[in-house]
Amino acid sequence: MRALTRTLVSVTTAVGIAAGTLGVAGTAAAAPAAQPAVSAAAVAPRAVNNLGLSSAQAKKVQRDIKANWGYKGAIDGLLGTESWKGIQRPLKKYNGYKGKIDGIVGKETVKALQRLLKARYGYTGAIDGIAGSGTKAAFKRLADRI
């Protein structure tokens, strides 16, 4: 968005300069029209963290949390904040997640996920809250078995 804005400002400036040099002496080029204000929410990126899952695998997870854990969002293959809230609910109930149901994929969420993955999906790494390749591979196994 910023790159596009800079490009548009640069082009507008170049056109304005060219118009000023081609026009009659003493004539000023018109300033570009003011742009409407855009809210931060309109340009804020979605917080998506699929932890290595493909879109198809993420959709399987979303279908499961929609059916069982209160997820009300779209089945779009993008594990965003609402999807992760749905994932945190069973992690809290069964896998020792003690944080808020906030949809943030932080260290405690990953640790709880690792406990689940270690118990049922072949994860052999440390419960360290770091979503490395072993965590991602086991998360893929979970998604494939849903």
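Definitions and cut-offs
Residues numbered from 1 in each chain as written. Predicted model: local features only at pLDDT ≥ 70, side-chain atom pairs only at ≥ 80, totals over all residues. Heavy atoms only, no water. Helix = DSSP H or I, 4+ residues; strand = E, 2+ residues; numbered from the N terminus. Contact = heavy atoms within 4.5 Å. Phe/Tyr/Trp six-rings, centres within 6.5 Å; stacked < 30°, edge-to-face > 60°. Buried < 20%, exposed > 50% of the residue type's maximum accessible area, 1.4 Å probe, protein only. Salt bridge = Lys/Arg side-chain N within 4 Å of Asp/Glu carboxyl O. Core = buried A, V, L, I, M, F, W, Y, C linked by side-chain atoms within 4.5 Å. Expected span 1.5 Å × (residues − 1).

## Side note on the environment of Lys59
As for its position among the elements, Lys59 is in helix H3 (residues 55-68). Between the alpha carbons of Lys59 and Ser83 there is a distance of 10.0 Å; along the sequence they are 24 residues apart. Among residues more than four places away in sequence, those in contact with Lys59 are Ile75, Asp76 and Gly77.

## Focus on the packing of aromatic side chains
Considering all chains together, one arrives at 2 aromatic pairs under this definition. Seen from their ring centres, Trp69 and Tyr94 are 6.1 Å apart, and the 85° between their planes marks the pair as edge-to-face. Taken as a pair, Trp69 in the loop between H3 and helix H4 (81-94) and Tyr94 in helix H4 lie far apart in primary sequence, 25 residues in all. Taking the relative accessible area as the measure of exposure, Trp69 reaches 22% and is therefore partly exposed.

## A closer look at the pattern of salt bridges
Throughout the structure, instances matching the rule amount to 2 salt bridges. Linking Lys85 and Glu82 is a salt bridge whose minimum nitrogen-to-oxygen distance equals 3.2 Å. Taken together, the residues Lys85 and Glu82, both in helix H4 and 3 residues apart, mark about one turn of the helix. For Glu108, the salt bridge goes to Lys111, with nearest N and O atoms at 3.7 Å. In this pair, Glu108 and Lys111 both sit in helix H5 (residues 107-120), 3 residues apart, roughly one turn of the helix. Residue classification places Lys111 among the partly exposed positions, given a relative accessible area of 22%.

## Let's talk about the nonpolar core
In this structure, Leu79, Ile87, Leu113, Leu117 and Phe139 are the most contacted members of the largest nonpolar core, which totals 21 residues. For this core, the secondary structure elements donating two or more residues are H3, H4, H5 and helix H6 (133-145). When sequence neighbours within four positions are dropped, the list of residues in contact with Phe139 reads Asn50, Leu51, Leu53, Leu79, Trp84, Ile87, Leu113 and Leu117.

## A few points about unusual backbone geometry
Located in the positive-phi region is Leu51, a residue other than glycine, with phi close to 45°. Structurally, Leu51 is set in the loop between helix H2 (40-43) and H3. What makes Leu51 buried here is its relative accessible area of 5%.

## Remarks on H4
Over its 14 residues, H4 extends 20 Å from the first C-alpha to the last, a length consistent with the 20 Å expected when each residue adds 1.5 Å. Packing partners of the buried residues in H4 comprise H3, H5 and H6. Remark: Gly96 follows H4 within two positions and exhibits a positive phi of approximately 80°.

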